[in-house]
Each structure stands twice: as structure tokens, then as C-alpha cells.
Amino acid sequence: NAGVMQNPRHLVRRRGQEARLRCSPMKGHSHVYWYRQLPEEGLKFMVYLQKENIIDESGMPKERFSAEFPKEGPSILRIQQVVRGDSAAYFCASSLDGGPNTEAFFGQGTRLTVV
Amino acid sequence: AQTVTQSQPEMSVQEAETVTLSCTYDTSESDYYLFWYKQPPSRQMILVIRQEAYKQQNATENRFSVNFQKAAKSFSLKISDSQLGDAAMYFCAYRRWGAQKLVFGQGTRLTINP
């Protein structure tokens, strides 16, 4: 059973370009979470999605950031018109359900560098 | 809003010795979970141990154990018989009962000296 797969592992974008980060949850998992980790900091929650639904986007910046988790295919975190401050590691986690005892499993992250 | 604080940016310990990493948190909730995650250089976030707030007994996983002091809102991690493979960033995290998002501390970088 493969773990949470994120790709690419490393992504370099010029300022103003778009970044698309993909996350394939563990098999059977229908809940996905995105976190951002700035250098030398802890992870910060961004968004929580179920299939085709955004459940909690309280940590998402209001502009330029969007996320989706379609019925088929991976979850996508999209950052439009990237700026240097978007440089960070972006982690995806997935869980089987949203129950109180469920455990979330993390991917290895995508390191985004904006030049 | 809940906050998690790790006051030790860096710690080091001799191989085979014991080390304790500190974590405090702030919440008005009575039901919640606490976690310690390990992040080695590969960046993979690995769950080390978890504690349910309603349980008085401290969680233990092999060489890893916690000291959970609910009234003091303290949740420290003790690593016994430290091994070179324990070298990593360690993050303390909080999750409110019924919620899914984790609130992380700033992390403690643990170095193991051979």
C-alpha cells in the first residue's frame, strides 16, 4: 500500500508563474490536508478537503491560492502569480475518514522555490 | 486560537543517553489530542507518539514516552537510549477533538553525538 505521494518533489518557478502541486492520498483515503512549512518553522495548516468538497480553508491565503480534490485523480494545490514569499515546503496528508481517532499520514512534501 | 510552543530550538545528546524535549500549548478545550512528529532530513513527517487528553496514563512507544501534564498544559517527549537515527527535527502538535487540522510548534532540532 503506497503512502501519500506528492509530486514534484522539487519545483522551481519564476515570479509571476503558476505552481501546481499534486497529492495522491493513500489508497482508500478520501480526506486530504495541505500544510505549508516555511524555512525553520513548523507546518501551518492551509486547507482540508474531501472528494469534491472543501471542508476547511481557514489557513489559505485569500488570493492566488486554490485547492481542489476531484472525484478522480489527485488533489491539486495551485498557486497563481507566485512571489518569493511563496517559497516553502508544501506537505499533503491524507486520512481514511474525518473521525476523531483517525490518523493522518504525510507525504514527503514539495519544495517550491521561487526565483 | 490554540497555540503550541517549543522553547528549545536545538538540543543535543550523547548516543545512548536520555533527552527530553519540551512542549507547551494553550487551549480552552478539554478534549484534544497531542502528537510528536519526527522530521528527518528526508522531510518525511513521521508520527512518533500521540496522547489523548482524556487519558491520564502517559503514552509510551518503545524508547519514546511522554510526560503529559494537562493542568500545566505541558507535553514533553523523552527519548531513552538515544540512537544516531533519532537525529531529526521534532515537532509537537495539537488537534482539537472533532477537528482535523493540526497546530504545530516551531520544532526542536535534535542532534545525537556519537
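In this report, the structure presented in the accompanying data block is examined. Please read these numbers as outputs of a predicted model, since none were measured by experiment.

1. A short note on the interface of chain A and chain B
- Facing 29 residues of chain A, the contacting portion of chain B comprises 19 residues.
- With both chains or domains summed, chain A and chain B bury close to 1,900 Å², and 45% of this area falls on carbon and sulfur atoms.
- Counting the surface chain A buries against chain B, the share from its top three residues, A:L43, A:P100 and A:F106, is 27%.
- Two residues, B:R109 and A:E40, come together in a salt bridge whose shortest N-O distance is 3.4 Å.
- At the junction of chain A with chain B, the criterion picks out 10 residue pairs in polar contact (both at pLDDT 80 or more).

2. Observations concerning the sheet that holds strand β3 (residues 19-24) of chain A
Residue and element names in this part refer to chain A.
- Spatially, the four strands line up as an open sheet ordered β1-β3-β8-β7, and their pairing is antiparallel. Of all strands in the sheet, those bounded by a partner on one side alone are β1 (5-7) and β7 (65-68). Neighbouring strand axes in the sheet, compared pairwise and without regard to direction, differ in orientation by 15° on average.
- Where β3 meets strand β8 (residues 75-79), five bridges bridge the pair, whose relative direction is antiparallel. From the neighbouring strand, L21 faces β8, where its bridge partner is L77.

3. Brief notes about the state of the cysteines
Residues and elements named next belong to chain A.
- Tallying each qualifying case throughout the model produces two disulfides over all chains.
- Between C23 and C92 runs a disulfide, and the two sulfur atoms are separated by 1.8 Å. Its S-S torsion of about -55° marks the bond between C23 and C92 as left-handed, since a negative value means left-handed. One end of the pair, C23, is in strand β3; the other, C92, is in strand β9 (residues 88-95), and 69 residues separate them in sequence. Here C23 and C92 have matching classes, each one buried.

4. Observations regarding the pattern of salt bridges
Residue and element names in this part refer to chain B.
- Within this structure, the stated rule accounts for eight salt bridges over all chains.
- When the shortest N-O distance is used, the salt bridge between D26 and K73 registers 3.8 Å. Of this pair, D26 sits in strand β4 (residues 24-26) while K73 is found in the loop between β8 (64-69) and β9 (74-79), placing the two residues 47 residues apart along the sequence.
- Judged by its relative accessible area of 41%, D26 is partly exposed.
- Accessibility expressed as a relative area gives 27% for K73, which makes it partly exposed.
- D86 is the partner of R63 in a salt bridge, and the nearest nitrogen-oxygen pair spans 2.8 Å. Note that R63 is positioned in the loop between β7 (60-61) and β8 and D86 in the loop between β9 and β10 (88-96), a separation of 23 residues in sequence. The burial state of R63 is the same as that of D86; both residues are buried.
- By sharing partners, the salt bridges in this structure join R50, E52 and K55 into a single network.

5. Digging into unusual backbone geometry
- Cis geometry marks the peptide bond from A:N7 to A:P8; its omega dihedral reads -5°.
- Relative to the helices and strands, A:P8 is located in the loop between β1 and β2 (10-13).
- The backbone of B:A16 shows a phi angle near 80°, a positive value even though the residue is not glycine.
- Residue position: B:A16 is located in the loop between β2 (10-14) and β3 (19-21).
- Accessibility expressed as a relative area gives 45% for B:A16, which makes it partly exposed.
- Even without being a glycine, B:R43 presents a positive backbone phi close to 80°.
- By the secondary structure assignment, B:R43 is in the loop between β5 (32-39) and β6 (46-52).

The rules we used
- Residue indices follow the written sequence of each chain, beginning from 1 at its first position.
- Numbering of ligands from 1 and lettering of chains from A proceed in the order in which they are written.
- Given that this is a predicted model, residues contribute local features only at a pLDDT of at least 70 and side-chain atom pairs are listed and counted only at 80 or more, while totals for whole chains, interfaces and linings are drawn from all residues.
- In computing side-chain properties, one takes all heavy atoms of the structure into account and sets aside hydrogens as well as water.
- The contact rule is simple, with two residues in contact once any of their heavy atoms fall within 4.5 Å.
- Buried area: the sum, over both parts, of the accessible surface (1.4 Å probe) that disappears when the two are put together.
- What makes a salt bridge here is a side-chain nitrogen of Lys or Arg within 4 Å of a carboxyl oxygen of Asp or Glu, nothing more.
- Two N or O atoms count as a polar contact when they lie within 3.5 Å, although within protein this holds only if one can serve as hydrogen donor and the other as acceptor, and sequence-adjacent residues are included solely when both atoms are side-chain atoms.
- DSSP-based pairing: two strands are paired if at least 2 bridges between them are found.
- Think of it this way: any DSSP run of H or I at least four residues long counts as a helix, any run of E at least two long counts as a strand, and we number them from the N terminus.
- Axes, fitted as lines to C-alpha atoms, cover a helix only where it is in contact. Angles between the N-to-C directions of the axes lie from 0 to 180 degrees.
- The disulfide definition used here is simple: a pair of cysteine sulfur atoms within 2.5 Å.
- Burial here depends on accessible area, computed with a 1.4 Å probe over protein chains only, as a share of the maximum for the residue type. Under 20% is buried, over 50% is exposed, and the range in between is partly exposed.

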